[in-house]
Amino acid sequence: MPQEHVTSRREFLRRATGATAWLAGAGTLFDSVATASPAASSKSAPDLVLALTASQSETQILPGKPTAVWRFAARVLKGDGASVKPSPGGYLGPTLHLKKGQRVRIEFDNQLPDPAIVHWHGLHLPEAMDGHPRYAVGPGKPYVYEFEVINRAGSYWYHPHTHGITGRQIYRGLAGMLLVSDEEEQGLRLPQGESDLPIVLQDRTFGRDNQLAYISEGGDGDRAGSGMMGGSMRGGMMGMMSEMMGFLGDEIFVNGRRNAVLPVASRAYRLRLLNASNSRIYRLAWGDGTPLTIIATDGGLLERPERRAAVTLAPGERIDLFADFSDKPVGATLVMRSLAFENPMGGMMGGMMRQGKLPSGAAFDVFRIRVDHRDGRSARLPERLSALPPSKEKETLNFGSPRPFRLTMGMMRWGINGRTFDMDGVADDEIVKLGTSEVWEFANDASRMMAMPHSMHLHGAQFRVLGRTSSGRRTGLRESILDAGLKDTVLVLPGERVKILAPFSRYVGLFPYHCHMLEHGDAGMMRNYAVRA
Ligand code: C2O
Ligand code: CU
Ligand code: CU
């Protein structure tokens, strides 16, 4: 990883003084944390200290002019040097390896020309450590995170959460995986180290001069025939459309590379797939028809491996696969595909979004695996992976009357229960009680005109999906949805109602819940919920 943007520790601390004073001033915040979690506020020194910067950089993707990107860089200041691993091949943020029970301090330094704040997607943290947009710091400013990792082992990730511009910031390159391990998982002897691969799926469009083009950034103004409107309309009508419906890129990037080929040895692997795309949904399947073996979803291991012909992965979601290449000869290749599905976007807008180089629902190759050397080792996948706490709907506070969340469109803006994001605001029906569990129901009853899937995400909770009701019509996408395990993000298709059971177990505070189709979230399809004692 390039380290040139990492400031010296002395320089960081000099500039951090202001933030430290601010943190010290936030007494009530820490008092409330202390009530809920004595461990997290303990004065003992952190086990791991990381410096994390976000800065402007560039990378060689296409021949010719380098592509400008924004990039996370990290280094270990104290603790296990193996906690930061460079992203394989691309410009994405390094993979952070944390352990359950670890006390972590992360000194974030914003070297971007934008305000920014980092969110640790999937981790259960006190409000001030969670990266709520209200804590964004300006250019040149630091933010210090201190927390204890209480999550179980799993594939989490980190990305900026800046109000209204999260989509653009992630698009430019600000995303990385954050893997938590624990003793239960270690005991299973799953593939580790070189056999444990983070695989980050995104879609991107190149505009002029090899530069990444986002909504209304003049995408392919000089390239004819892209999209229904042709070139010059991209920044105009098409820009407005994708701003509302969600950005879809022309090509697939894996770990920041296009046409990705992942070299492997002939042995068993753990493949950790993250959909960090702005709005694209994937329907993943091995190209040769071998079923996928899924061992984990958003919040860690499943109770037992699930074998599926295909799995839907919506923005923000993760799945871990077990893939055994031990019977493959050197030179063999295997393709991960995204299978065709019925485009879930209805109406005129949906019609327009079906255009373009890689419309929603098209079939395409995602990445390729190539066996490039022999390795005798074989690994056995245990049939029993973990025990999840039973999801007892009867023990919820609101058993029998789920808290309703309608996914709405009003005045050409997405919302939740008819409301859009309000930075510090929370409505009476968005307040929950610490130490309880509730059933929430997301209802995507949108009219045909505005039919659109939404990828609903909660901060501060790993939930269980209790069920979904829908027309039952086959669409390809729907049959591939995997609702098993602990989840922090769940896809809600048009016409569906999805019930989840969410525990509010440890921290009081204000936490966002939102659509993880980044353009929807940025446009206000985000609200706060408050956990109160
Ligand atoms: Cu990954 Cu609030 O987001
Ligand atoms: Cu999150
Ligand atoms: Cu949405």
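Just so it is clear, the model here is predicted, and its values are computed rather than measured.

Thresholds, definitions, all that
Residues numbered from 1 in each chain as written. Chains lettered and ligands numbered in written order. Predicted model: local features only at pLDDT ≥ 70, side-chain atom pairs only at ≥ 80, totals over all residues. Heavy atoms only, no water. Helix = DSSP H or I, 4+ residues; strand = E, 2+ residues; numbered from the N terminus. Buried < 20%, exposed > 50% of the residue type's maximum accessible area, 1.4 Å probe, protein only. Contact = heavy atoms within 4.5 Å. Core = buried A, V, L, I, M, F, W, Y, C linked by side-chain atoms within 4.5 Å. Pairing = 2+ DSSP bridges. Donors = N, O, S within 2.8 Å, 3.2 Å for Na, K, Ca; no water. Salt bridge = Lys/Arg side-chain N within 4 Å of Asp/Glu carboxyl O. pLDDT = per-residue confidence, 0-100. Axes fitted to C-alpha atoms, helices over the stretch in contact; angles between N-to-C directions.

Side note on the overall build of the chain
Right, on to step 1. When its secondary structure is counted, the chain shows seven helices and 31 strands.
Right, on to step 2. With 533 residues in all, the chain has 60% of them scored as buried.
Right, on to step 3. Contacts in the chain between residues far apart in sequence, at least 24 positions, make up 79% of those at least 6 positions apart.

A short note on the nonpolar core
Right, on to step 1. Ranked by internal contacts, the top residues of the largest apolar core, which has 40 residues, are Trp-440, Phe-442, Met-456, Leu-458, Val-490, Ile-500 and Tyr-529.
Right, on to step 2. The element contributing the most residues to this core is strand β29 (residues 497–504), with four residues.
Right, on to step 3. Leaving out residues up to four positions away in the same chain, Phe-442 has contacts with Phe-405, Leu-407, Met-456, Leu-458, Val-490, Val-492, Glu-496, Arg-497, Val-498 and Ile-500.

Some points on the pairing of strand β15 (residues 282–286)
Right, on to step 1. Where burial is concerned, most of β15 is hidden: five out of the five residues are buried.
Right, on to step 2. Covered by surrounding structure in β15 are Tyr-282, Leu-284 and Trp-286 together with Arg-283 and Ala-285, the residues of both alternating faces.
Right, on to step 3. Bridge count for β15 against strand β18 (residues 311–313) is three bridges, and the pairing is antiparallel. Along β18, the bridge assignment pairs Arg-283 with Thr-312.
Right, on to step 4. Of the strand pairs in this sheet, β15 and strand β20 (residues 333–338) are connected by three bridges, and their pairing is antiparallel.

Some details on the coordination of the copper ion (ligand 3)
Right, on to step 1. Looking at the copper ion (ligand 3), the protein donor atoms are His-454 (ND1), Cys-515 (SG) and His-520 (ND1), and they sit 1.9 to 2.2 Å from it.
Right, on to step 2. For the copper ion (ligand 3), the single-chain donor residues occur in sequence as H-x60-C-x4-H. This pair shows no difference in class: Cys-515 is buried, exactly as His-520 is.

Re the pattern of salt bridges
Right, on to step 1. A complete count under the given rule lists 34 salt bridges for this structure.
Right, on to step 2. Taking the shortest distance from any N to any O, the salt bridge between Asp-203 and Arg-280 comes out at 2.8 Å. You can see Asp-203 sitting in strand β10 (residues 196–204) and its partner Arg-280 sitting in the loop between β14 (268–275) and β15, a full 77 residues away along the chain.
Right, on to step 3. We classify Asp-203 as buried; its relative accessible area is 0%.
Right, on to step 4. Residues Lys-392 and Glu-395 are paired through a salt bridge, measuring 3.8 Å at the closest nitrogen-oxygen approach.
Right, on to step 5. By relative accessible area, which is 58% here, Glu-395 ends up exposed.
Right, on to step 6. Salt bridges linked by common partners bring Glu-185, Asp-196, Arg-270, Arg-272 and Asp-320 together as one network.

Considerations on the coordination of the copper ion (ligand 2)
Right, on to step 1. The copper ion (ligand 2) binds to the protein through His-119 (NE2) and His-457 (NE2), with metal-donor distances spanning 1.9 Å. A residue pair is termed long-range when its members are at least 10 positions apart, and His-119 in strand β6 (residues 118–121) and His-457 in strand β26 (residues 454–458) qualify at 338 residues.
Right, on to step 2. A residue is classified by how much of its surface remains accessible, and His-119, at 1% relative accessible area, is buried.

Digging into unusual backbone geometry
Right, on to step 1. Positive phi, normally seen in glycine, also occurs at Asp-209, with a value near 55°.
Right, on to step 2. Here Asp-209 is to be found in the loop between β10 and α5 (234–245).
Right, on to step 3. The phi dihedral of Asn-417 falls on the positive side, at around 50°, and the residue is not glycine.
Right, on to step 4. Take Asn-417: it is sitting in the loop between β23 (413–416) and β24 (431–433).

Regarding the confidence of the model for the chain
Right, on to step 1. Of the residues in the chain, 85% reach a pLDDT of 70 or more, and the chain-wide mean stands at 88.
Right, on to step 2. Under a pLDDT of 50 for its full length, residues 1–7 has, in the predicted model, 24 contacts with residues more than four places off or in other chains.
Right, on to step 3. Note on residues 17–41: pLDDT is under 50 here. Beyond four places in sequence and across chains, it has 23 contacts.

Digging into the environment of Pro-191
Right, on to step 1. You can see Pro-191 is positioned in the loop between α4 (183–186) and β10.
Right, on to step 2. Judged by its relative accessible area of 8%, Pro-191 falls in the buried class.
Right, on to step 3. Spatially, the C-alpha atoms of Pro-191 and Arg-270 are 5.6 Å apart, while their sequence positions differ by 79 residues.
Right, on to step 4. Once residues lying within four places of it in the same chain are set aside, the contact partners of Pro-191 are Asp-196, Ala-268, Tyr-269, Arg-270 and Phe-322.

Focus on the sheet that holds strand β1 (residues 48–59)
Right, on to step 1. Strand order in the open sheet formed by four strands is β2-β1-β5-β7, and the pairing between neighbours is mixed. A strand with exactly one partner marks an edge of an open sheet, and here the two such strands are β2 (67–78) and β7 (142–148). Taken over all neighbouring pairs, the strand axes of this sheet differ in orientation by 20° on average, direction set aside.
Right, on to step 2. Bridge count for β1 against strand β5 (residues 103–111) is eight bridges, and the pairing is parallel. Directly across from Val-49, in β5, lies its bridge partner Arg-105.

A word on the environment of Ile-416
Right, on to step 1. Among the structural elements, Ile-416 can be located in strand β23.
Right, on to step 2. The spatial distance from the C-alpha of Ile-416 to the C-alpha of Phe-405 is 6.2 Å, given a sequence separation of 11 residues.
Right, on to step 3. Apart from residues lying up to four places away in sequence, Ile-416 is in contact with Phe-405, Arg-406, Thr-408, Met-456, Tyr-513, His-514, Met-525, Met-526 and Arg-527.

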